[in-house]
Amino acid sequence: MTALFGPSGNSQSFYDEGHKSTTEAPEWLKKRGLDAFEYSFGRGVRIREGTAREIGNAFVKEGITLSVHAPYYINLASTDEKKKKNTIRYFTESVTAAHWMGATRVIFHPGAVGKEERETAFGRALEFFSEIIHEVESLGYEEVRLCPETLGKINQLGSVEEVLRLCSLNRNVIPAIDFGHLHARTVGGIKSKDDYKRILDMMEEGLADERARKFHVHFSHIEYTKQGEKKHCDFKDEGFGPDFEPFAELMVERNLGPTIICESPTMMAEDARTMKDIYLKIKKAV
Ligand SMILES: [Zn+2]
């Protein structure tokens, strides 16, 4: 299997070179040897069908795999009826836009624990998510998969265990493993190859199918406090982790084919390319 690499959004250099529209991104990425792109609807799904299809066609033309990120406001554990309604809408709008764009994965943040017991909040999130799966299925866009993401703050729902439990509801739900976030929520817990191994083993045990090999990944270096995530960093910013190399070794050893999206704040395409180079070098050596 082969891993795919690409940025979330456009690098600063893309704009510095005079590009303005994401329809110009596929050709730019292709020239840099990248394979994937994540389009963010983090602040809301505001795109017309015509624009979405135009962007989608440009990516298809260059053979770049597209995913989208759903709005950050999603909270599966909410008890507020209005917020729950909005959450359903964020999902249906994201999935519809993904369908227009030819994107097959919708990445989302599961939500927050709030003031309750973690398990109470999570139990409600599980229940609400199964409702949402039905809602989304009724749209009929079967090619689009929902991907719950591991989150960086301890008081957010999104440990590996929680993401795997959300995935266990339906075999079309694919895990989005954000290693930077896991590093932050474990206060620097991803140090060695064994730390990556443990996460991959949990996925293998929890899913026992293709999803444990062709999952979604967000990878960037991260700054954290004792509550977890503070902010994402570019690779050039020194002193932050986690280190990509042990994960790349495991991808090759275990024949994994994830899509790896880099969320560096300004050099996401450059850092994605750096990871691809590390991965290809290891792959060539075996
Ligand atoms: Zn995210």
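Rules of the game
Residues numbered from 1 in each chain as written. Predicted model: local features only at pLDDT ≥ 70, side-chain atom pairs only at ≥ 80, totals over all residues. Heavy atoms only, no water. Helix = DSSP H or I, 4+ residues; strand = E, 2+ residues; numbered from the N terminus. Expected span 1.5 Å × (residues − 1). Buried < 20%, exposed > 50% of the residue type's maximum accessible area, 1.4 Å probe, protein only. Arc of directions from axis to C-beta. Pairing = 2+ DSSP bridges. Axes fitted to C-alpha atoms, helices over the stretch in contact; angles between N-to-C directions. Phe/Tyr/Trp six-rings, centres within 6.5 Å; stacked < 30°, edge-to-face > 60°. Lys NZ or Arg CZ within 6 Å of the ring centre and 35° of its normal. Core = buried A, V, L, I, M, F, W, Y, C linked by side-chain atoms within 4.5 Å. Contact = heavy atoms within 4.5 Å. UniProt positions renumbered as here; feature names shortened; annotations may be inferred. Patch = residues over 30% accessible without salt bridge, like charges linked within 9 Å, V, L, I, M, F, W, Y side chains within 5 Å. Areas by Shrake-Rupley, 256 points an atom, 1.4 Å probe, with all protein chains shown as cover. Salt bridge = Lys/Arg side-chain N within 4 Å of Asp/Glu carboxyl O.

If you check an unreviewed UniProt entry, the protein chain appears there as TIM barrel protein from Calorimonas adulescens.

Next up on the list: helix 8 (residues 193-207). For helix 8, built from 15 residues, the straight-helix expectation of 21 Å at 1.5 Å per residue is met to within 8% by its first-to-last C-alpha distance of 21 Å. Among the residues of helix 8, Asp195, Tyr196, Ile199, Leu200, Met203 and Leu207 are the ones counted as buried. Within helix 8, the buried residues cover an arc of 130° as seen down the axis, which keeps them to one side. Of the residues in helix 8, the exposed ones pointing more than 90 degrees away from the buried face are Arg198 and Glu205. Positioned one or two residues after helix 8, Ala208 has a phi angle of 50°, which is positive.

It is worth spelling out the sheet that holds strand 12 (residues 259-262) at this point. Read from one edge to the other, the open sheet built from four strands follows the order 1-12-9-8, with strand pairing classed as parallel. Because the sheet does not close on itself, it has two edges, and the strands there are strand 1 (4-7) and strand 8 (176-178). Between one strand axis and the next, the sheet turns by 20° as a mean value, whatever way the strands run. Sheet topology note: the strand 8/strand 9 (residues 216-219) ladder contains three bridges and is parallel.

Before going further, it helps to spend a moment on the packing of aromatic side chains. Within the structure shown, the criterion is met by 16 aromatic pairs. Here the aromatic rings of Tyr73 and Tyr90 are separated by 5.8 Å at their centres, their planes lie at 55°, and the arrangement is tilted. With Tyr73 in the loop between strand 3 (65-69) and helix 4 (81-101) and Tyr90 in helix 4, this pair connects stretches of sequence that are 17 residues apart. Exposure remark for Tyr73: the relative accessible area of 42% places this residue in the partly exposed category. Among the aromatic residues, ring-to-ring pairing joins Phe5, Phe179, Tyr196, Phe219, Phe244, Phe247 and Tyr279 into one connected group. The aromatic ring of Trp28 is capped on one face by Arg32, whose charged end is 3.8 Å from the ring centroid. Lying over the aromatic face of Phe128, Lys84 brings its terminal NZ or CZ to 4.9 Å of the ring centre.

Let us look at the nonpolar core. Phe129, Phe179, Phe219, Phe247, Met251 and Ile260 are the most contacted members of the largest nonpolar core, which has 84 residues in total. Ranked by residues supplied to this core, first place goes to helix 5 (residues 118-137) with nine residues. Excluding its chain neighbours within four sequence positions, the residues that come into contact with Phe179 are Ile190, Tyr196, Ile199, Val217, His218, Phe219, Pro242 and Phe247.

The next thing to look at is the UniProt feature "domain: Xylose isomerase-like TIM barrel" (unreviewed entry) in the protein chain. Under the UniProt annotation, "domain: Xylose isomerase-like TIM barrel" (unreviewed entry) lies at residues 27-271. Along residues 27-271, the helical share is 42% and the strand share 18%, with 18 Å between the first and last C-alpha atoms.

There is a patch of nonpolar side chains on the surface, built from Ile154, Val187 and Tyr224 and spanning about 220 Å² of accessible area. Along the polypeptide, Tyr224 turns up in strand 10 (residues 221-225).

Our next topic: the pairing of strand 9. Neither face of strand 9 is exposed, since His216 and His218 on one face and Val217 and Phe219 on the opposite face are all buried. Where strand 9 lies against strand 12, four bridges are found, and the strand directions are parallel. Counted as the bridge partner of His218 is Ile261 from strand 12.

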